[in-house]
Amino acid sequence: MAKFRVTLKARLILEDRGRILLLKQTKPNGGNYSLIGGTIEQQEYAAETLIRESYEEAGVELTRADLTLVHTLHKRYKRAHRIVLYFRAHHYEGQIRSRERDKFENVAWHPYDALPPNLTPTVRHVLQEYRRGRIYSEMEK
């Protein structure tokens, strides 16, 4: 049987009064809107990844108690699989701002009923599934 690589990622669905926080990627990074998050490093658990990434990317300060697992995405590529754990939070501290200006030109709240057209396809898929109450979905890349 052929071996394949599996990566684990964690992403944040930060909500406030019917809005979601999105990062706008710089043009060299695709120019699309995405969610806070990243790869779960070997020494981390998913919640630790989100706490770290939230502050590094957007100045959002979270605790484990702020996070609730709400969706899991299994994305399959030709030679790899990616498992992404999506956590929701409603409470946070800190001042929201883009802290990684080489990756994200801004960070802002967007109403769910007026999401930007250039949301990444993965984020669009996951938000639709999440809002339908589905806790698991699959995608082919």
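Scroll up a little and you will see the structure.
Small disclaimer: the values here were computed from a predicted structure and weren't measured.

Criteria and cut-off values
Residues numbered from 1 in each chain as written. Predicted model: local features only at pLDDT ≥ 70, side-chain atom pairs only at ≥ 80, totals over all residues. Heavy atoms only, no water. Buried < 20%, exposed > 50% of the residue type's maximum accessible area, 1.4 Å probe, protein only. Helix = DSSP H or I, 4+ residues; strand = E, 2+ residues; numbered from the N terminus. Contact = heavy atoms within 4.5 Å. Core = buried A, V, L, I, M, F, W, Y, C linked by side-chain atoms within 4.5 Å. Phe/Tyr/Trp six-rings, centres within 6.5 Å; stacked < 30°, edge-to-face > 60°. Lys NZ or Arg CZ within 6 Å of the ring centre and 35° of its normal. Expected span 1.5 Å × (residues − 1). Arc of directions from axis to C-beta.

## Looking at helix 2 (residues 121-131)
Alright, step 1. Looking only at helix 2, the buried set comprises Thr 122, Val 123, His 125, Val 126, Leu 127, Glu 129 and Tyr 130.
Alright, step 2. Once helix 2 finishes, Gly 133 follows within two positions and takes phi at roughly 85 degrees, a positive value.

## Some details on the environment of Glu 100
Alright, step 1. Assignment of secondary structure puts Glu 100 in the loop between strand 6 (80-89) and strand 7 (104-111).
Alright, step 2. Classification of Glu 100 as buried rests on a relative accessible area of 16%.
Alright, step 3. Counting along the chain gives 68 residues from Glu 100 to Asn 32, while the straight-line C-alpha distance between them is 15 Å.
Alright, step 4. Those residues in contact with Glu 100 that sit more than four places away from it in its chain are Glu 56 and Glu 57.

## Thoughts on the side chain of Thr 49
Alright, step 1. When you line up the elements, Thr 49 lands in helix 1 (residues 46-58).
Alright, step 2. Judged by its relative accessible area of 0%, Thr 49 is buried.
Alright, step 3. Setting aside chain neighbours within four positions, we find Thr 49 in contact with Ala 10, Gly 38, Thr 39, Ile 40, Glu 41 and Glu 44.

## Quick word on unusual backbone geometry
Alright, step 1. Residue Arg 17 is not a glycine yet carries a positive backbone phi of 50 degrees.
Alright, step 2. Here Arg 17 is to be found in the loop between strand 1 (5-16) and strand 2 (19-25).
Alright, step 3. Arg 17 sits in the exposed class, given a relative accessible area of 71%.

## Digging into the nonpolar core
Soluble globular proteins tend to pack their nonpolar side chains together in the buried interior.
Alright, step 1. Counting residues in each nonpolar core, the largest one holds 18 residues, and the members touching the most others are Leu 12, Ile 36, Val 60 and Leu 67.
Alright, step 2. Every element with two or more residues in this core is listed here: strand 1, strand 2, helix 1, strand 6 and strand 7.
Alright, step 3. Examining the composition of this core, we find that four residues originate from one element, helix 1, more than from any other.
Alright, step 4. Those residues in contact with Leu 12, other than ones at most four positions away along the chain, are Leu 35, Ile 36, Leu 50, Ser 54, Leu 62, Leu 67, Phe 87 and Ala 89.
Alright, step 5. In terms of nonpolar packing, the next biggest core, distinct from the first, is built from 16 residues, Val 70, Tyr 112, Val 123 and Met 139 among them.

## Regarding the packing of aromatic side chains
Alright, step 1. Following the criterion strictly, the structure yields one aromatic pair and no others.
Alright, step 2. Judged by centre distance (6.1 Å) and plane angle (40 degrees), the ring pair of Tyr 92 and Trp 109 falls under tilted. With a gap of 17 residues between them, Tyr 92 in the loop between strand 6 and strand 7 and Trp 109 in strand 7 connect regions that are remote in the sequence.
Alright, step 3. Residue classification places Tyr 92 among the partly exposed residues on the basis of a relative accessible area of 24%.
Alright, step 4. A cation over an aromatic ring shows up here: Lys 24 above the ring of Tyr 33, its NZ or CZ 5.6 Å from the ring centre.

## A few points about helix 1
Alright, step 1. For helix 1, which comprises 13 residues, the first-to-last C-alpha distance of 17 Å matches the rise-based estimate of 18 Å (1.5 Å per residue) to within 8%.
Alright, step 2. Every buried residue belonging to helix 1 is among Ala 46, Ala 47, Thr 49, Leu 50, Glu 53, Ser 54, Glu 57 and Ala 58, and all of these are buried. Down the axis of helix 1, the smallest arc covering the buried residues is 145 degrees, so these residues share one side.
Alright, step 3. Summarising the contacts, the buried residues of helix 1 are in contact with strand 1, strand 2, strand 4 (36-39), strand 6 and strand 7.
Alright, step 4. Just beyond helix 1, the residue with positive phi is Gly 59, at close to 70 degrees.

Any functional reading would require information that these geometric values do not contain.
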